[in-house]
Amino acid sequence: MVAAVFSASAQFWSTSEPTKLKGSINSGSEESVPVFSKDSSILYFVRTFDDANKGGEQDQDIWFSKRSASNTYDESERLTALNNKYNNAIFGLNKAGTTMYLFNAYEGKKDQMKGIAKSTYSNGKWSTPEKLNVQGLDIDGEHYGFHMSEDESTLIVSYMGPGSLGEEDLYVSTKNGDGSYSTPLHMGAAINSSGFEISPFLTSQKDTLFFSSNGYGGQGDADIFYSVRQGSMTEWTKPENLGVKINSPKFDAYFIYSGNQAFWSSNRDSELSDIWMLTIPPVPPVSVICSSINASKFRMKDGKIDATVSGGIAPYTYKWSNGEVTEDIASLPVGEYSLTITDALGQTSETSCAITQPAAQQDIAMKHMFGYNANKLTVEEGELNSFLSTVEGWLTSQGRESVTVVINSSASTVRTRTFGTNDKLAKSRAEEIKQVILSYYKDKGLQDRVKVEIESAKVQGPEYTGDFENQDKYGPFQYIELKTK
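Everything numeric in this text was worked out from a predicted model, so none of it was measured. Residues take numbers from 1 onward in each chain, read along the sequence in its written order. Residues qualify for local features only when their pLDDT is at least 70, as the model is predicted, and side-chain atom pairs are given and counted only at 80 or more; totals for whole chains, interfaces and linings, by contrast, use all residues. Side-chain numbers here rest on the full set of heavy atoms in the structure, without hydrogens or water.

Colleague: Outline the state of the cysteines, listing residues and values.
Modeller: Criterion for a disulfide: a pair of cysteine sulfur atoms within 2.5 Å. One pass over the full model with this rule turns up one disulfide. Two residues share a disulfide in this structure: Cys290 and Cys353, whose sulfurs sit 2.1 Å from each other. Between Cys290 and Cys353, the S-S torsion sits near 115°, and that sign places the bridge as right-handed. Remark: Cys353 occurs in strand β27 (residues 348–355) and Cys290 occurs in strand β22 (residues 287–293); sequence separation between them is 63 residues. Helix and strand assignments follow DSSP, with helices taken as H or I runs no shorter than four residues and strands as E runs no shorter than two, numbered in order from the N terminus.

Colleague: I'd like a rundown of the pattern of salt bridges, residues and numbers included.
Modeller: Pairs can form between side chains of opposite charge whenever their charged atoms are close. The term salt bridge refers to a side-chain nitrogen of Lys or Arg lying within 4 Å of a carboxyl oxygen of Asp or Glu. What the rule picks out here adds up to 15 salt bridges. A salt bridge links Lys206 to Asp151, with the shortest nitrogen-to-oxygen separation between them at 3.0 Å. Linking Lys206 in the loop between β15 (197–202) and β16 (208–213) with Asp151 in the loop between β11 (145–148) and β12 (154–159), this pair joins segments that are 55 residues apart in sequence. The classification of residues rests on relative accessible area computed with a 1.4 Å probe and restricted to protein chains. Under 20% of the type maximum is buried, over 50% is exposed, and intermediate values are partly exposed. Among the residues examined, Lys206 registers a relative accessible area of 18% and is labelled buried. Overall, the relative accessible area of 43% leaves Asp151 in the partly exposed class.

Colleague: Hey, could you go over the environment of Phe477 for me, with residue numbers and the actual values?
Modeller: By the element assignment, Phe477 lies in the loop between α4 (471–474) and β31 (479–484). Accessibility expressed as a relative area gives 25% for Phe477, which makes it partly exposed. Residues Phe477 and Glu392, 85 residues apart in the sequence, show an inter-C-alpha distance of 29 Å. Apart from residues lying up to four places away in sequence, Phe477 is in contact with Ser410, Ala411, Ser412, Gln460, Gly461 and Pro462. When checking whether two residues touch, look at their non-hydrogen atoms; a contact exists if any pair is within 4.5 Å.

Now the structure itself:
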């Protein structure tokens, strides 16, 4: 249905070029007010200024055309059962197609002509029309019109009534429990203007109202607009013009749609109006895919995901699993990200993309051998500088959040005079290097991301026998060892 391609934020997504109905529907007379049967097999319309009408050239009669095998409406004939010498017109059929709503011109009295009648279909024919009771409806002007909803619960009236802002305004009447209709209520300034609002058409869902107006500017004499219901039947969005394919510099009105075809009345290429139509192809389903740019380094938050949408009707809304609502997302850590996209018609599509990262840095270690009684090691030393610089790089440019440096120190059994005991020497080596490391990272502003732990400080090696000059024997136990985790 056309309703499936229409929304408060989008006009018909795409259409064919408008064409005038061919065959005998459009004649040298005036054709207007198209109305379809339930299955669209019959197109009813109004013809005016035709000698073949019941009341002659100045009369207005209901005509109809049956859909052909090629899905067109070509030939037409007068609906004899419901036409009389007065002006006749159809303005609605119920969903079942068994009740037709008509201009009330059947009692032959002037006061009764400006009202509504209904006829029911039974045993292959339409019944004699009967007046429909609309409470408080009093039409004084010469111009008025109606539309009945498919479910017969809502009547839209176009006339100059109580509180009208212009020549003709739109009013709404609802069905009462006894079958009558309530006093028409002005539908509000959101859709009524200082000009005229005529030829209403309410979608089957009763959420979108089409009408013609000369009060909102546009292409010409009267343009067709639509408005979307926001709550009650008196709460509507600002009217939107249906655009240049449907509206012309002349008079355009009586819009209706059936299946994927829209019909309306226009005098765009002649003095009198004809019935025009265009085709609205099905809306392509909405689809979304995504592509990702992975994090550049381990634990870096610089991944990106780009979404690409096709089909559907813009605008689109985006809902990412991380709470983002933009089309593309960035500054992403490693992880899986899913996206649900919704188009203007409520169609949805889902996709997901993953952000990966390079492998984590391998922890490193270094070991420095001390000479007899030595306990200091400066950053300028090549091996320590390399160790600390590598860790600094992890933290500043490679995405690592924090690092722990573990210290193990050792002293040999060769007696020390400087530190009193070899145990103190081992502990001094550990404490000295710990302070060097902490100072280095404080200077870099990284002190909160580096933790230094002394895992052990011990005396090791063979028992001392007075041969302190024996480096091969005692040297391997004079060291400081650093490792990361």
